[in-house]
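Below, each chain spelled out in residue letters.
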Amino acid sequence: DTAVSQTPKYLVTQMGNDKSIKCEQNLGHDTMYWYKQDSKKFLKIMFSYNNKELIINETVPNRFSPKSPDKAHLNLHINSLELGDSAVYFCASSQTEKLFFGSGTQLSVL
Amino acid sequence: GENVEQHPSTLSVQEGDSAVIKCTYSDSASNYFPWYKQELGKRPQLIIDIRSNVGEKKDQRIAVTLNKTAKHFSLHITETQPEDSAVYFCAARSNSGTYKYIFGTGTRLKVLA
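Just so you know, these numbers come straight off a predicted model, no measurement behind them.

Visitor: An account of the environment of threonine 13 of chain A is requested, with residue identities and associated values reported.
Guide: All names here are of chain A. If you trace the backbone, threonine 13 turns up in strand β2 (residues 10-13). Classification of threonine 13 as buried rests on a relative accessible area of 5%. In this structure, the C-alpha to C-alpha distance between threonine 13 and lysine 40, residues 27 residues apart in sequence, is 21 Å. Discounting residues that sit within four places of it in the chain, threonine 13 has contacts with Lys19, Leu81, Leu107, Ser108, Val109 and Leu110.

Visitor: Give a description of the state of the cysteines that names residues and reports values.
Guide: Residues and elements named next belong to chain A. A complete count under the given rule lists 2 disulfides over all chains for this structure. The disulfide bridge from cysteine 23 ends at cysteine 91, spanning 1.8 Å between sulfur atoms. Between cysteine 23 and cysteine 91 the sulfur-sulfur dihedral comes to about -75°; the bridge is accordingly left-handed. Taken together, the residues span a long stretch of sequence, with cysteine 23 in strand β3 (residues 19-25) and cysteine 91 in strand β9 (residues 87-94) at a distance of 68 residues. According to the relative accessible area criterion, cysteine 91 is buried, its value standing at 0%.

Visitor: Can you tell me about the layout of surface pockets, naming the residues and giving the values?
Guide: Within this model, the largest pocket holds a volume of roughly 490 Å³. As for the largest pocket, its lining consists of 22 residues, and the residues nearest its centre are Lys36, Leu43, Lys44, Ile45 and Glu58 of chain A. For the lining of the largest pocket, the secondary structure elements donating two or more residues are β5 (43-50) of chain A together with β10 (101-103) of chain B. Per element, the largest residue contribution to the lining of the largest pocket is 4 residues, and it comes from β5 of chain A. Partitioned by chemical class, the residues of the lining of the largest pocket number 11 nonpolar, 4 polar and 7 charged. Of the voids in this model, the second largest pocket is the one considered here, and its volume is about 200 Å³. Lining the second largest pocket are 15 residues, and of these Val88, Phe90 and Gln106 of chain A together with Gly41 and Lys42 of chain B sit closest to its centre.

Calculation criteria
Residues numbered from 1 in each chain as written. Chains lettered and ligands numbered in written order. Predicted model: local features only at pLDDT ≥ 70, side-chain atom pairs only at ≥ 80, totals over all residues. Heavy atoms only, no water. Helix = DSSP H or I, 4+ residues; strand = E, 2+ residues; numbered from the N terminus. Buried < 20%, exposed > 50% of the residue type's maximum accessible area, 1.4 Å probe, protein only. Contact = heavy atoms within 4.5 Å. Disulfide = S-S within 2.5 Å. 1 Å grid on protein atoms, 1.4 Å probe; cavity = no way out; pocket = protein on both sides within 12 Å on 5 of 7 lines; lining within 4 Å. Points joined across faces, edges and corners; volume = space filled by probe spheres on them. Nonpolar A, V, L, I, M, F, W, Y, C, P; charged D, E, K, R; others polar.

Geometric values such as these leave the question of function open.
Next comes the structure, spelled out in structure tokens:
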């Protein structure tokens, strides 16, 4: 069983479109995250939810909107996609210390 | 703001040699320091971690040291093998309540056979 799963794995879309990435964890963790990994491999935190409550909201354009319907799910919706949004987006979860990553979604904006 | 610096950005070693990657953190409230290995096209995976009340931890060929006073921590890989080739990330997690993990900029390790 995959502990942190995210879909889709690949997403290719045109500039200006709206897209969503979904994430689910079956570890029973209270905290979930979205990280962005750019072409230089830098891992930057975007958002974090603890038990459905937003606790970290970094300097991210408001075109990005996370939603956590329950503590096992954290989705990311992106409006009006731009070329600079192309990256790998990782979902992650943790309970106390260890952070577990999903397999990533490679977003390519053309 | 919180910051984690990581050096070197690239590291090439001969198979069997040791590799050392160093990180420095800025947030004094950090109390947990994991290391992640990311192979090409894969997710980052936890390989070893250390808490702020411990100075050193070892797991087979990998070890991590922490100097809390200097805010430095390092990853040591001995007897490197080609399969150790990957990007390695250090991270620091604050104890401030938001559980924010700040990652270093990564080190691309190449083990030459």
